[in-house]
Amino acid sequence: MWEYKKILEYPANVRRQDPDYASLVVTQFGGPDGELAASLRYISQMYTMPIPEGKATLNNIGTEELAHFEIIGTLVYKLVEGIPADVLKNTRFAPHYAQHGRANYPADAFGNAWTASYIQSHEDPVASIQEDLAAEQKARATYEYLIDMSDDPAIIDTLSFLREREVVHFQRFGEVLDLLYDYMDDYEEWG
Amino acid sequence: MEEEKQYVSGFEMDRVRLAHAYIPYQQYTDHYTPARALKQGTLYPELYMPYQPGPRGYY
Ligand SMILES: [Fe+2]
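A. Up close: the nonpolar core. Residue and element names in this part refer to chain A. Formed by 29 residues in total, the largest nonpolar core has its most connected members in Tyr 21, Val 25, Ile 72 and Leu 159. Those elements that place two or more of their residues in this core are α1 (19-25), α4 (52-80), α7 (125-148) and α8 (153-190). Residue contributions to this core peak at seven residues, all from α4. Excluding its chain neighbours within four sequence positions, the residues that come into contact with Val 25 are Ile 72, Val 76, Leu 79, Leu 146 and Leu 159.

Written out as structure tokens, the structure reads:
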């Protein structure tokens, strides 16, 4: 089960509203390398992981990614909250407004709806963990592209925190990979 | 600092096999204060690798 705390893991502040940027940063809400994909990928892979450290890492990081989903959702909404439709219609956010109003929706920066096809889950633990290592790198790279396109120091601060977490997650999955090799070596030796 | 970033003690080269990926296991060295760790996104100085525009993928 999960416990919910009604606070964000990290503050999500914006200095100035910007619907165009909302329609870009939304990719970390519902895009291919976004936080929802990360969370559901890890939480799905957890069951067949043969070592407890692997299960725990997937559960922990999968849980944290959901907290990041909440941070990005907060950012997206703060960027558009209360902006009148006649302003939104001249921004990149117009198609989103046409379909959802100002409600958050898990889609990428092009407007494609989130799909489970973004993620994979394998019984082979080495295959799964390497998918996760790749996912962390792609999320890190995406945060860098998004930082490149912002001039709001508050947004850059939040995205920098999330980016650093991807670096740490990569390290943790790397350690799980190492433990899996140990586990398999022992299996070879002792049957 | 740049050299330290690349060097990891205790990495066992003799167990490395072809066609396998390896990330060195982290060894504890030092930690930030909790306040600083929460701000930066990691408790460990050796894992703090902020974005610096330059060649893509270098961090
Ligand atoms: Fe992550």
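B. Spotlight on the coordination of the iron ion. All names here are of chain A. In the first shell of the iron ion, the protein supplies Glu 65 (OE), Glu 136 (OE), Glu 136 (OE), Glu 166 (OE) and His 169 (ND1), at 1.9 to 2.7 Å from the metal. Read in sequence order, the donor residues coordinating the iron ion give the pattern E-x70-E-x29-E-x2-H. Residue Glu 136 is found in helix α7, and its partner Glu 166 is found in helix α8; the two are separated by 30 residues along the sequence. Using a relative accessible area of 2% as the deciding quantity, one classes Glu 136 as buried. Taking the relative accessible area as the measure of exposure, Glu 166 reaches 2% and is therefore buried.

C. Summary view of the environment of B:Ala19. By the element assignment, B:Ala19 lies in the loop between α1 (2-6) and α2 (34-40). Sequence separation between B:Ala19 and B:Tyr58 is 39 residues; the distance between their C-alpha atoms is 23 Å.

D. Up close: the interface of chain A and chain B. In this complex, chain A contributes 27 residues to the contact, which on the side of chain B involves 23 residues. Carbon and sulfur atoms make up 50% of the surface buried where chain A meets chain B, a total of about 2200 Å² over both sides. At the junction of chain A and chain B, the tally comes to six salt bridges. Residue B:Arg56 is joined to A:Glu144 by a salt bridge in which the shortest nitrogen-to-oxygen separation is 3.7 Å. For the pair chain A and chain B, the number of links is 14 residue pairs in polar contact (both at pLDDT 80 or more). Ranked by the residues each element gives to the side of chain A that touches chain B, the list is headed by α8(A), at 18 residues. Classifying every residue of the side of chain A that touches chain B gives eleven nonpolar, four polar and twelve charged.

What counts as what
Residues numbered from 1 in each chain as written. Chains lettered and ligands numbered in written order. Predicted model: local features only at pLDDT ≥ 70, side-chain atom pairs only at ≥ 80, totals over all residues. Heavy atoms only, no water. Core = buried A, V, L, I, M, F, W, Y, C linked by side-chain atoms within 4.5 Å. Buried < 20%, exposed > 50% of the residue type's maximum accessible area, 1.4 Å probe, protein only. Helix = DSSP H or I, 4+ residues; strand = E, 2+ residues; numbered from the N terminus. Contact = heavy atoms within 4.5 Å. Donors = N, O, S within 2.8 Å, 3.2 Å for Na, K, Ca; no water. Buried area = accessible area lost by both parts, 1.4 Å probe. Salt bridge = Lys/Arg side-chain N within 4 Å of Asp/Glu carboxyl O. Polar contact = N/O pair within 3.5 Å; in protein donor to acceptor, adjacent residues only side chain to side chain. Nonpolar A, V, L, I, M, F, W, Y, C, P; charged D, E, K, R; others polar.

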